[in-house]
Structure formats: structure tokens, C-alpha cells
Amino acid sequence: MKNKKIEIIRDCPFRQTLDVLEGKWKFAIIHSLLAHGTMRFKVLERDVAGITPRMLIKELKDLESHGIVSRKAYATVPPTVEYTLTECGLSLEPVVQAIQEWGVRNRDILNQAKVAETVE
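> Just checking my understanding: could you explain the sheet that holds strand 3 (residues 80–85) for this structure?
Each strand in a sheet pairs with another by means of backbone hydrogen bonds, the pair being arranged parallel or else antiparallel. With respect to topology, three strands assemble into an open sheet ordered 1-3-2, the strand pairing being antiparallel. Each of the sheet's edge strands pairs with one partner strand only, and the pair in question is strand 1 (39–40) and strand 2 (69–74). Where strand 2 meets strand 3, six bridges bridge the pair, whose relative direction is antiparallel. Considered in strand 3, the bridge of Ala73 is made with Val81.

Here it is, written out as C-alpha cells:
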């Protein structure tokens, strides 16, 4: 019975999407690449405030394995690596836009919740 439940979840497009885009950093990375286009690793690291290099590498590898980001390495010293959204990644623009608009519309509520959380 358990295997059947797992198969049903895997066949659900909503669940598949959540599996690909889950985590704290993926939307921030996608947002930066949408805003700036192709970015070098260090520039992307600076743009995604708070992410560690190790976590950025992990998330970029995961996004690359799912076809959201493409990676291009140049044979330079030191090595240069650039990341770009694929066509699939670019198709996330309306989703990222909707999340941003939701955040703007609900900023006051979100800020109140954050203040209440720090007071407790």
C-alpha cells in the first residue's frame, strides 16, 4: 500500500514541482538569475544574501539536475563558472512574480507576524 501512495504522489504535478523547488534558497537563486541574467558564481553568491558557498553549490547542482539552470565552465585561472536559467527556468518568471506580488500585498501582515514571533 505504501508504494502505491508514493507512486500517486510522484504522478502529481504539484508535488513534483514542490520537490524540485523546495527549500529556502531555490527561489532566491531563480529570482536573482531572472533579474540579472547570466551570473558568475561569486556574483550570484553576493546577490543571494545569507547563502553559504557550500549551500549555493548544492542548490545550483540540484537546479541543474532538474533542468532549471545551466552551468558553463571556462578554462581560466582561476576557473570561471557562469549560471543561466534554461527555457524551463525562465518559464518560472510568472510564478516568481506572483510570489513577489503576494509578498508586497501582504507585507504588513507578514511584518506583524514576525514582530509577534520575536516578542514571544
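Here the narrative resumes.
> In this structure, what is going on with the nonpolar core? I would like to understand it.
In globular proteins that are soluble, nonpolar side chains generally tend to be buried together. Counting 21 residues, the largest nonpolar core has Ile29, Ile30, Leu33, Leu44, Leu60, Ile68 and Val69 as the members making the most contacts within it. Of all the elements in the fold, those that place two or more residues in this core are helix 2 (13–21), helix 3 (26–36), helix 4 (41–47), helix 5 (53–65) and strand 3. Apart from the residues lying within four places of it in its own chain, the contact partners of Val69 are Leu33, Leu60, Leu63, Glu64, Tyr83, Thr84, Leu85 and Thr86.

What counts and how
- Residues numbered from 1 in each chain as written.
- Predicted model: local features only at pLDDT ≥ 70, side-chain atom pairs only at ≥ 80, totals over all residues.
- Heavy atoms only, no water.
- Pairing = 2+ DSSP bridges.
- Helix = DSSP H or I, 4+ residues; strand = E, 2+ residues; numbered from the N terminus.
- Core = buried A, V, L, I, M, F, W, Y, C linked by side-chain atoms within 4.5 Å.
- Buried < 20%, exposed > 50% of the residue type's maximum accessible area, 1.4 Å probe, protein only.
- Contact = heavy atoms within 4.5 Å.

By themselves these figures say nothing about function.
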